[in-house]
Amino acid sequence: MTRARHFVLAAGGTGGHMVPAAALAEELIRRGHRVALVSDERGVRFPGLFEGVQTHVLPAGRLSGGPVGWVRAAREMWRGRAMARELYRTFTPAAVIGFGGYPAFPALAAAFAEKIPTAIHEQNAVLGRVNRLVARRVDAIATSYAETERLKPAYQMKAHCVGNPVRDSVLALRARPYPLLEEDGIFRVLVTGGSQGASVLSKVVPDGLAMLPVAFRRRLQVTHQARVEDIDAARAKYAELDIAADLATYLPDLPEHLGWAHVVIARAGASTLAELTVAGRPAILVPLPIATDDHQTVNAREITRAGGARTIPQSQFTPSELAKQMQKLGLDPEALENAAGRARGCGKPNAARDLADLVESLDAPLAALPVGPVVHKESFA
């Protein structure tokens with residue numbers, strides 16, 4: 001029987017950090033452990049995650065704004081570190097696990113001071129800024145991709161490729177077959193820009209779909225998650241073009257929409273890629289060009305090389321290019337189903353289990369776990 005322990009999970013308040021942290025929390029709780037969350041104001045209020053979990057908001061400045069901003073951030077992080085140390089004296093964690101984002105830094109710094117075992121999890125294919133800051137001192141590094149950029153070779157012995165955990169509702173999709181696609185049947189398209197939406201998708205997708213052959217266009221059923229400021233214009237555009245579309249600013253039942261989608265048009269965020277590959281859904285990906293270290297482009301490489309997705313740089317994402325790629329995918333049901341299988345082949349459905357195994361090992365002598373090796377690339381950081 002597993003010995004019950006306490007674990008602290010520290011994550012910045014965006015979906016990319018919070019979703020895998022929540023998936024790990026669920027797995028640890030299933031194993032009989034207690035979990036506490038450290039985040040910012042956004043994170044502790046994230047809808048549908050960490051229900052019933054003890055939560056704490058720590059101050060964590062951002063390293064921006066020049067020298068004055070850096071001093072202010074250092075003060076906030078020092079204050080957050082002191083608060084985390086106080087928490088650890090009462091909650092007594094067996095380990096502290098960081099998922100990136102500035103709120104993770106004071107939590108990990110406090111763990112270093114208290115000599116508590118630590119690990120970090122990197123969701124993207126490029127090691128993030130906070131994770132790079134602490135990589136030297138943590139006991140273990142969990143990665144989502146076999147090839148992780150900006151992770152120094154010196155850390156190879158403590159790196160484990162476990163994948164990016166997804167919600168149970170997404171994991172359940174792996175047991176469902178790819179939706180049957182008949183020659184004259186409904187063709188379902190899911191458009192999502194991540195938790196915040198993406199304006200470029202709202203501007204380009206309706207016009208791109210309108211350029212498809214009439215017979216194909218009439219089969220479309222689109223579900224489109226749009227930003228608040230874009231949704232009315234996008235809804236009007238779909239209506240003008242006579243394309244059946246449902247739009248929303250937030251899709252609480254996103255896994256269900258993903259389950260019946262034949263094609264997904266999306267950004268290339270870490271959680272989106274993890275969900276696409278676990279569910280096995282082909283995609284047209286438009287990486288966010290201003291993402292730190294261009295990590296979304298790097299995220300998209302594996303599934304694109306495997307043949308499970310087509311990646312279009314935002315600078316080339318035009319209605320005509322989208323229509324061309326949609327026809328290549330959508331007009332050949334056999335090729336589309338093959339792409340779904342290739343996407344599925346990139347999935348790591350046991351990520352939550354393997355990450356939990358790694359976390360449980362932190363308060364015992366660290367041993368090699370049954371997970372794949374990580375390919376390291378030297379960084380300039």
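This text goes with the structure placed above it.
Quick notes on the rules
Residues numbered from 1 in each chain as written. Predicted model: local features only at pLDDT ≥ 70, side-chain atom pairs only at ≥ 80, totals over all residues. Heavy atoms only, no water. Helix = DSSP H or I, 4+ residues; strand = E, 2+ residues; numbered from the N terminus. Rg over C-alpha atoms; globule rule 2.2 N^0.38 Å. Buried < 20%, exposed > 50% of the residue type's maximum accessible area, 1.4 Å probe, protein only. Contact = heavy atoms within 4.5 Å. Areas by Shrake-Rupley, 256 points an atom, 1.4 Å probe, with all protein chains shown as cover. Lys, Arg positive; Asp, Glu negative; His and termini not counted. Charge placed at Lys NZ, Arg CZ, Asp CG, Glu CD. 1 Å grid on protein atoms, 1.4 Å probe; cavity = no way out; pocket = protein on both sides within 12 Å on 5 of 7 lines; lining within 4 Å. Points joined across faces, edges and corners; volume = space filled by probe spheres on them. Nonpolar A, V, L, I, M, F, W, Y, C, P; charged D, E, K, R; others polar. Pairing = 2+ DSSP bridges. Axes fitted to C-alpha atoms, helices over the stretch in contact; angles between N-to-C directions. Salt bridge = Lys/Arg side-chain N within 4 Å of Asp/Glu carboxyl O. Core = buried A, V, L, I, M, F, W, Y, C linked by side-chain atoms within 4.5 Å.

Student: Honestly, the overall build of the protein in this entry has me stumped. Any pointers?
Tutor: From N to C terminus, the protein includes 16 helices and 15 strands. The C-alpha radius of gyration of the protein comes to 21 Å, within 12% of the 21 Å expected for a compact globule of 381 residues. For the C-alpha atoms alone, the extent of the protein along its principal axes is close to 65 × 45 × 40 Å. Taken over 381 residues, the protein has a buried fraction of 55%. Residue pairs in contact within the protein that sit at least 24 positions apart in sequence constitute 68% of those at least 6 positions apart. Carbon and sulfur atoms form 53% of the exposed surface of the protein, whose accessible area is close to 16,700 Å². On the protein, the mean spot of the 45 positive side-chain charges and the mean spot of the 38 negative ones are 7 Å from each other.

Student: How do you make sense of empty space enclosed by the protein when you look at a structure like this?
Tutor: Counted by the stated rule, this structure contains one cavity of 30 Å³ or more. Size it by volume and the largest cavity reaches roughly 150 Å³. Around the largest cavity, the lining comprises 16 residues; the ones closest to its centre are Y145, L273, A274, T277 and C346. Mapped onto the lining of the largest cavity, the elements with two or more residues apiece are α11 (270-279) and α13 (301-306). Top element by residues in the lining of the largest cavity is α11. It accounts for five residues. A class-by-class count of the residues in the lining of the largest cavity yields seven nonpolar, seven polar and two charged.

Student: Hey, could you run me through the sheet that holds strand β13 (residues 283-285) in this one?
Tutor: For sheets, the rule is that strands pair by backbone hydrogen bonds, running either parallel or antiparallel. Reading across the sheet, the six strands line up as β11-β10-β9-β12-β13-β14 and stay open at both edges, with parallel pairing between neighbours. Each edge of the open sheet carries a strand with a single partner, namely β11 (245-248) and β14 (309-311). Within the sheet, the average angular offset between the axes of one strand and its neighbour, ignoring direction, is 15°. Alignment of strand β9 (residues 187-192) against strand β12 (residues 263-266), held across four bridges, turns out to be parallel. Residue pairing for β12: V189 is matched across the bridge by V263.

Student: I would appreciate a short explanation of the pattern of salt bridges in the present structure.
Tutor: When their charged atoms lie close together, side chains carrying opposite charge are able to pair. This structure, assessed with the given rule, holds 23 salt bridges. Of the charged contacts in the structure, one is a salt bridge between D293 and R150, with a shortest N-O distance of 2.8 Å. In this pair, D293 is assigned in the loop between β13 and α12 (295-299) and R150 in the loop between β7 (147-148) and β8 (159-161), connecting sequence segments 143 residues apart. In this structure, the salt-bridge partner of D207 is K237, at a minimum N-O distance of 3.6 Å. Within this pair, whereas D207 is found in helix α7 (residues 199-210), its partner K237 is found in helix α9 (residues 231-240), the two being separated by 30 residues in sequence. When its relative accessible area of 27% is taken as the criterion, K237 is described as partly exposed.

Student: How should I be thinking about the nonpolar core in this particular structure?
Tutor: A general tendency of soluble globular proteins is for nonpolar side chains to be buried together. Core analysis: the biggest nonpolar cluster contains 34 residues, and I265, F317 and M326 have the highest contact counts within it. Of all the elements, α7 adds the most residues to this core, at five residues. Setting aside residues no more than four positions away along its own chain, I265 makes contact with V189, L190, V191, T192, L201, V205, I284, F317, L322 and M326. Membership of the second largest hydrophobic core comes to 29 residues, among which are V35, V53, A94 and A140.

Student: Help me out: how do you make sense of the side chain of Q296 in this one?
Tutor: Mapping Q296 onto the fold places it in helix α12. In this structure Q296 comes out as buried when scored by relative accessible area, which is 8%. Once residues lying within four places of it in the same chain are set aside, the contact partners of Q296 are R267, A268, G269, V286, P287, L288 and A291.

Student: Just checking my understanding: could you explain the sheet that holds strand β1 (residues 6-10) for this structure?
Tutor: The sheet built from seven strands is open, its strands ordered β3-β2-β1-β4-β5-β6-β8 with parallel pairing. The open sheet has two free edges, formed respectively by β3 (54-57) and β8, since each of these has just one partner strand. Looking at each pair of strands side by side, their axes are set apart by 20° on average, direction ignored. With three bridges connecting them, strand β4 (residues 95-98) and strand β5 (residues 118-122) associate as parallel partners. Looking at β5, one finds that I97 is bridged to A119. Against the sheet, helix α16 (residues 351-360) contacts β1, β4, β5, β6 (140-143) and β8, and its axis sits at roughly 180° relative to β6.

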